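One-letter residues, chain by chain:
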There are 2 protein chains.
Amino acid sequence: MPQQSIIDKVNDIAKRRGFFWPSYEIYGGVAGFLTIGPLGTILKRNIENKFRDTFIRRLGFLEIETSVIVPGKVFEASGHVEHFKEPMVECKKCTRKFRADHLLQEAGLTDTETEKMGLKEIEETIRKLGVRCPECGGEFREPRYFLTMFETTIGPYSKNLGYGRPEAAQGIFTEYKRVYEAAREKLPIGIVQIGHALRNEISPRQGPIRLREFTIIDLEFFFDPANPKCSRIKEVEDELLRLVLAENKLRGIFDITEMTVKEALNKGIIKNEWLAFFMALAKNFLIELGIPDDKQRFIEKLEWERAHYSVQGFDQEVYLDRLGWVEVSGHNYRTDYDLKRHMLYSGVDLRVYKEFSEPIYVEEKVVKPLMSTIGPQFKNLSGEVVRLLSKADPDEVERAFREKGYYQAGEFRILPEHVKIVKEKKAIKGRKFIPHVIEPSFGSERLLYVTLYYSYRVKDNRTILSLPVDIAPIQVAVFPLVARKDLKDKALQIYRTLLDEGFMVEYDESASIGRRYARADEIGVPLAVTVDHKTLEDDTVTVRDRDSWRQFRISIEKLPVAMSKYFKGKTSFEELMSQFKVIE
Amino acid sequence: MPQQSIIDKVNDIAKRRGFFWPSYEIYGGVAGFLTIGPLGTILKRNIENKFRDTFIRRLGFLEIETSVIVPGKVFEASGHVEHFKEPMVECKKCTRKFRADHLLQEAGLTDTETEKMGLKEIEETIRKLGVRCPECGGEFREPRYFLTMFETTIGPYSKNLGYGRPEAAQGIFTEYKRVYEAAREKLPIGIVQIGHALRNEISPRQGPIRLREFTIIDLEFFFDPANPKCSRIKEVEDELLRLVLAENKLRGIFDITEMTVKEALNKGIIKNEWLAFFMALAKNFLIELGIPDDKQRFIEKLEWERAHYSVQGFDQEVYLDRLGWVEVSGHNYRTDYDLKRHMLYSGVDLRVYKEFSEPIYVEEKVVKPLMSTIGPQFKNLSGEVVRLLSKADPDEVERAFREKGYYQAGEFRILPEHVKIVKEKKAIKGRKFIPHVIEPSFGSERLLYVTLYYSYRVKDNRTILSLPVDIAPIQVAVFPLVARKDLKDKALQIYRTLLDEGFMVEYDESASIGRRYARADEIGVPLAVTVDHKTLEDDTVTVRDRDSWRQFRISIEKLPVAMSKYFKGKTSFEELMSQFKVIE
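Residues numbered from 1 in each chain as written. Chains lettered and ligands numbered in written order. Predicted model: local features only at pLDDT ≥ 70, side-chain atom pairs only at ≥ 80, totals over all residues. Heavy atoms only, no water.

**Points about helix α15 (residues 382-391) of chain A**
All names here are of chain A.
Here is step 1 of the chain: Along α15, the residues that are buried comprise S382, V385 and L389. Along the axis of α15, the buried positions cluster into a sector of 55°, meaning they face one direction only. In α15, the exposed positions angled more than 90 degrees off the buried face are occupied by G383, S390 and K391. (Buried < 20%, exposed > 50% of the residue type's maximum accessible area, 1.4 Å probe, protein only. Helix = DSSP H or I, 4+ residues; strand = E, 2+ residues; numbered from the N terminus. Arc of directions from axis to C-beta.)

**Some words on the side chain of T451(B)**
Residues and elements named next belong to chain B.
Here is step 1 of the chain: By secondary structure assignment, the location of T451 is in helix α17 (residues 444-455).
Here is step 2 of the chain: For T451, a relative accessible area of 0% corresponds to the buried category.
Here is step 3 of the chain: Separated by 2.6 Å, the side chain of T451 and the backbone oxygen of L447 make a polar contact.
Here is step 4 of the chain: Setting aside residues up to four positions removed in sequence, T451 forms contacts with I47, L289, I291, L467 and I471. (Polar contact = N/O pair within 3.5 Å; in protein donor to acceptor, adjacent residues only side chain to side chain. Contact = heavy atoms within 4.5 Å.)

**Some points on the pattern of salt bridges**
Here is step 1 of the chain: Inspection of every chain in the model, using the stated rule, returns 114 salt bridges over all chains.
Here is step 2 of the chain: Taking the shortest distance from any N to any O, the salt bridge between D532(A) and R553(A) comes out at 2.5 Å. Placement of the pair is D532(A) in the loop between β26 (527-531) and α20 (533-538) and R553(A) in strand β28 (residues 551-555), with a sequence separation of 21 residues.
Here is step 3 of the chain: A relative accessible area of 11% means that R553(A) is categorised as buried.
Here is step 4 of the chain: As a salt-bridge pair, E63(B) and R52(B) come within 2.8 Å of each other at their nearest N and O atoms. Of this pair, E63(B) sits in strand β3 (residues 62-63) while R52(B) sits in helix α2 (residues 38-57); the two residues are 11 residues apart in sequence, bridging distant segments of the chain. No difference in accessibility class separates E63(B) from R52(B), as the two residues are buried. (Salt bridge = Lys/Arg side-chain N within 4 Å of Asp/Glu carboxyl O.)

**Description of the environment of Q493(B)**
Here is step 1 of the chain: Structurally, Q493(B) can be placed in helix α18 (residues 485-500).
Here is step 2 of the chain: For the pair Q493(B) and R431(B), spaced 62 residues apart in sequence, the C-alpha separation works out to 65 Å.

**What to know about the sheet that holds strand β8 (residues 151-153) of chain B**
Residue and element names in this part refer to chain B.
Here is step 1 of the chain: Across the sheet, three strands lie side by side as β4-β9-β8; this open sheet has antiparallel pairing. Both outer strands of the open sheet, β4 (69-71) and β8, are each paired with one neighbouring strand and no more. Across the sheet, the mean angle separating the axes of adjacent strands is 40° when strand polarity is ignored.
Here is step 2 of the chain: Here β8 pairs with strand β9 (residues 161-164) via three bridges, running antiparallel. Bridge pairing links T152 to G162 in β9. (Pairing = 2+ DSSP bridges. Axes fitted to C-alpha atoms, helices over the stretch in contact; angles between N-to-C directions.)

**Structural notes on the pairing of strand β23 (residues 462-465) of chain A**
Residues and elements named next belong to chain A.
Here is step 1 of the chain: Judged from the four bridges that link them, strand β22 (residues 456-459) and β23 form a sheet pairing that is antiparallel. For V458, the partnering residue across the bridge sits in β23 and is T463.
Here is step 2 of the chain: As consecutive antiparallel partners, β22 and β23 are separated by two residues, and within that stretch D460 has a phi angle of approximately 45°, a positive value.

**Brief notes about the packing of helix α14 (residues 371-378) of chain A against α15(A)**
Residue and element names in this part refer to chain A.
Here is step 1 of the chain: α15 packs onto α14 with a crossing angle of 130° between their chain directions and a minimal axis gap of 9 Å. Considering their axes alone, α14 and α15 lie oblique with respect to each other. Within the contact between the two elements, α14 uses M371, I374, G375 and F378 and α15 uses S382, V385, V386 and L389.
Here is step 2 of the chain: Partitioned by chemical class, the residues of the contact of α14 with α15 number six nonpolar, two polar and no charged. (Parallel < 35°, antiparallel > 145°, perpendicular 65-115°, else oblique. Nonpolar A, V, L, I, M, F, W, Y, C, P; charged D, E, K, R; others polar.)

**Topic: unusual backbone geometry**
Here is step 1 of the chain: Here the bond from L187(A) into P188(A) is cis, since omega is -5°, no more than 30 degrees from zero.
Here is step 2 of the chain: Relative to the elements of secondary structure, P188(A) occurs in the loop between α9 (176-182) and β10 (189-198).
Here is step 3 of the chain: Phi is positive for T95(A), which is not a glycine, with a value near 60°.
Here is step 4 of the chain: The residue T95(A) is located in the loop between β5 (85-90) and β6 (97-99) in this model.
Here is step 5 of the chain: Judged by relative accessible area, which is 40%, T95(A) ranks as partly exposed.
Here is step 6 of the chain: Although it is not a glycine, A511(B) sits at a positive phi angle of roughly 65°.
Here is step 7 of the chain: Along the polypeptide, A511(B) turns up in the loop between β25 (505-507) and α19 (513-522).
Here is step 8 of the chain: The class of A511(B) is partly exposed, set by a relative accessible area of 39%.

Given below as structure tokens:
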């Protein structure tokens, strides 16, 4: 299996059999847009639903759906209007525009180097290295920043700016308060959004990897920063993580350090338990999609590589030949950055109130007015004096007595004899705080891509997409052995039965049976049911396995239950083989 | 049950319990954007998945996913840049902007009347009726058209216009060729896209009904116009449709005419069998969502009410108190309009080739050169003469002989003696044509809304959302009778078992059991499982029905299978009651 061309082969199958292809081809194509075809749409949804099962349903988390077009104010608050931009240069001669950092990377710099450069430094480096327009060889104008959000206006007023969202997370932050209330004010809480995101890349490349529009899976996990412990950490603490550490990266070392979740936490390498928990879940999620553990790694972000909201971040990457390590998810500790900013910009209190299990009693200094001395001296103004004293800071009063011998309360001069400063016990029932946020964030198209890539097999010169059984877009193909009317009728009848049972079924009667098996293998159909002459005699069919090409014979009656168990993972093909009549 | 306030009650539950609410409330709200909350997101997806099951999986149709941001050229080709606009007026005094036709409707005109008005007529009518700014009473400037698509630019070049798609259909048309090829060139074929659509409304109102961003479900059904018969029409021909006919509307009559699909087709009222087929399916789909047949109707569009691409159209409407008839789907015969336009604008041939089952033989006139006379006369130029004659139109040659006695082929004068005009048989193996399109198109949020509306019940002063069992967002709630540790542990254990079995489960131990039942009823949870003291003795639990509040007792062991059958519709609560121990 020539490793170097798997990408080409997968891209070829994807286009030819309808998983995905570049959009708008009839108009010459527009870079950065991908059409997900019929098989890809089901596979992508199956992957997303698997995510939902693992990260939402089983954890008791919530999912919401907000708009792709978002009022400008939201991205001012979030910091995107300020930070979500890339350095761009324009050729003086042909006026073409390029990502300046990409040009420098092509000239030999690493992304770690270009990431921390300002415009001035970029300009100097371009001059120093003599970088010219790759299209016409022209010189560049001075670099400037390009905002990589799609900009539009909402409604008929031109000043009502709106942006295409570059992440689904902000929809969660702006709607957080109401979700929190509808969920009866529980913390911690995970809120997910899966939907289209838009990034107006300057010059997208790499086909399905760098897209202007893609599906993002953002999980925002809100927790009390005073209680950052993960209640489920036990479930994952022995999981091994393959890490590329920031401290090593700084010294130019990209080796993988393998350690357990527990170790990484104990050594302070991962700074939050929930962050580690989600990383372990993400690793296993990818394994279940068919990506081997040893083709995955988590690479820690350096300070200047992190998004503006993140205090620690790891990218989960998958190794693909030719492309190298490709990011499929990001795991960031966003702290209270976003909610704080939205509080500031909206003026709405987004803090949550948490009642203590029992009140906390604290000792507090209190200024007690002594009416026996105040009364006689301040007479009918005594009430006003008492009111002012109730607002006075006890420490301030003590200091004034110490330094000046009196305390000035409004117009009144208060002497030590007028008050007594005592310590009193006070009950505090709870506190208000802004929750902190851990964010695992995935790209659906990249998950789709790496899943297809790692499902690719060749057997006897034939291609098999060995997709995990629970996410295969078509579950079963029904074939009449030959296109004879009685066999076709019988096969169609089985096809309809399996449809009624809720399976994703395909019926095909064209070409030779060998060709139909090959076609089914190429799109990853786990099971093929074939109706032959024996079927007409004894109501049995053959069931063929995509990966081993082995077959057994089963009565039509028993087929739905056997298939149901198989697709729920309650039995394997091997087990079915041992139960039914194997065909050699 | 006071009918007039169901909408308010549903909106209240939707907001409080997390089905949906207006977006960006912390920023004062932005009209036309809706947040789908945690319960709404599941319910909406369940509705969409039900659609997929009925309209895609069972019909063998295909689904694809394309981008929300679309290059400008696509909507120039589709006619949207030209047609997708609304008349707008601006107040001279306060500069506020309004939909001109809506103002006229508020002044008493019908939408049938305003729909066909041009700008001139609108201006005159505003003047005649003395319509003023509803905000400040100011006069209006002359009306103009506002393009109701969100406009943006793709990439860093300002001339690369892009639009937010107002329909998902165009993604299907632009990608049609590749989908058709991947599906091995079968016709008819249905291609679906479910995704966000954007309409930059001038001043959206009506809360969740008229949105600037919503989820559209577009099904484009492609068929051979020479074979417009629906192969499945038998399945629906006796279905009754409630129609409001265009011919009646023209006479101001909005009465509902009830007739079967067969009748409507025979009388030529519905002009295409597939159009009728999808309308019948749409009716039944809504019935399965809980919307009674007699609260639905199909209203035929008048010529000037139809979209620019449609030759016949029906809107499926649902009756809601206060709002009246609300459109939930549109059914249009788009003909070959869209593919034809994209052929014209892209220069790519989008026709399909269909081979006849056997070749058709036609008689054709052919001009046969007679070499015995041509040779001697034209000598070494004979070859050129023969070439020119092979391109000549036989009728043209005959006419020339008749009228002038000769035919001029380039520089050569051809006389009747030089040729023989004969009839020859020719085999035609197939033909090329542009498929025609029938389009059923639904709005997800409206389906969600009418589903919630018709699920609303009041029983003993308590609210029940009597959602169809197969789309309820939470399937089962697990409660310990009281919050005692042993009961809680047992209940949590059952909760985890049901999670493992794949159910949507909620666990709740707060407040009284009565209050928890009420909460579960209010969000439409079909079953509640309660762990009580008896559970600890004999491992049985009670199962309570949301709608009847009746209960039976079942062993924990048998619970998953019983629930599985119940949610698959293979058994009813009544049947379970007869099988297990009823609690009186």
